[in-house]
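What follows is each chain in one-letter form.
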Amino acid sequence: MTKTTHGDLLLKNINAQAPFPICFADLEKAVAEKMEAGPFGYIRSGAGGEQTLRNNRAAFEKYSIIPRFLQDVSSIDTSIELFGKVHPTPLLFAPVGMNKMAHDEGELAVARAADQLKIPYIQSTVSSYALEDVAQTAPTATKWFQLYWSTNEEIAYSMAARAEAAGFEAIVLTVDTVMLGWREEDVRNQFSPLKLGYARGNYMNDPVFTASLPDDSFESYVQGVLQNVFHPTLNWENVRELKRRSNLPILLKGILHPEDAKLAIENGIDGIIVSNHGGRQLDGVIGSLDALPDIVKAVKGRIPVILDSGVYRGMDALKALALGADAVAIGRPFVYGLALDGQQGVEKVMANLYDELKVSIALAGAISIKGLRDITLVKKDGA
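Residues numbered from 1 in each chain as written. Predicted model: local features only at pLDDT ≥ 70, side-chain atom pairs only at ≥ 80, totals over all residues. Heavy atoms only, no water.

As annotated in an unreviewed UniProt entry, the chain is L-lactate oxidase from Lysinibacillus zambalensis. Regarding the chain, the relevant UniProt record gives this comment under Catalytic activity (unreviewed entry): "(S)-lactate + O2 = pyruvate + H2O2". In UniProt, the chain has this text filed under Cofactor (unreviewed entry): "FMN". (UniProt positions renumbered as here; feature names shortened; annotations may be inferred.)

How should I be thinking about the overall build of the chain in this particular structure?
The helix and strand inventory of the chain stands at 17 helices and 14 strands. A globule of 383 residues ought to have a C-alpha radius of gyration of about 21 Å, and the chain, at 20 Å, matches this closely. Split into buried and exposed, the 383 residues of the chain put 56% on the buried side. Long-range contacts, defined as pairs at least 24 residues apart, comprise 73% of the intrachain contacts of the chain with a sequence gap of at least 6. (Helix = DSSP H or I, 4+ residues; strand = E, 2+ residues; numbered from the N terminus. Rg over C-alpha atoms; globule rule 2.2 N^0.38 Å. Buried < 20%, exposed > 50% of the residue type's maximum accessible area, 1.4 Å probe, protein only. Contact = heavy atoms within 4.5 Å.)

When you look at the pattern of salt bridges in this model, what are you seeing that I'm missing?
Should the charged atoms of two oppositely charged side chains come close, the side chains can pair. Tallied over the full model, the rule gives 22 salt bridges. Two residues, Asp-341 and Lys-348, come together in a salt bridge whose shortest N-O distance is 3.2 Å. Overlapping salt bridges, with partners in common, bring together Glu-154, Glu-237, Arg-240, Glu-241, Arg-244 and Arg-245 in one network. (Salt bridge = Lys/Arg side-chain N within 4 Å of Asp/Glu carboxyl O.)

What follows is the structure, given as structure tokens:
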């Protein structure tokens, strides 16, 4: 339970000696001034003309809350349960790759922040640091492993097995990256973090991957990653085989259509992450929040549904939870925090999001995450 009677969630930021950017726009502006154009553009941008990026934000703007008052909201329960484990907040760290672009400690700093905040951390396949290094630096954190399929399927199975051996508690298979999205910002900046080696961590520590290389040169590594990270042949049989080979819960990330959600359940999947990859894959795609209600309806509570993409503040998380999400994943905001101040920056960003969420839950008239389902949201006419 979180007490809300102290009234200091806002005042503690006003009294802070060193003000830290508190809203997403200020965060992005500060990072733009600090980072080089290539890395910043890669993190900030969306695919194509960035309609999907805009759709994610527009989806949140469509919904307004009708709050309830004169209810005791002095104690708020923000805890959730996922796969038999209770977490104090409904937030997760979304899988974001190649964090060393933002800060030299990369995923290690993020994992330590996740450990401190008791927020589950989802590590990307294309991390700058190996999953074993992350497990060692944050041994008590709840860690899930996001898996990109490989053209050589044995590499994918090897990484999943390594994650299980290292104590990761779930596998998140991303299904919307069968090939790289059309990312004009990266072409404009002539920037490819994959080609620069920012994704070395997991690949260069994988015995199946390294055995597939003709030699140990940097060029061989780059070509090996590029040949394997995109996988247009990925299909439901691959998903079933991964399920057979792993003892961990398997979630699918990138689901937007309710029929795919039904197929996931039919194929024994343990959870769904509703996501359009932060607007970075297919342009012109529905906002993730717009896709959420139909997927929640299709799933009928049988497995957890997590919302990802476009969540920039605590109020966004509240709207997703009120529309039926069991948890909400945060991406770009924490990466901006990492770029500004390493582990401490990540903690500040996530703490601010959580504080806004707590205040907003109380002001909406709810006292728990489940209670948010009873809050009335109205959708803008014509939306």
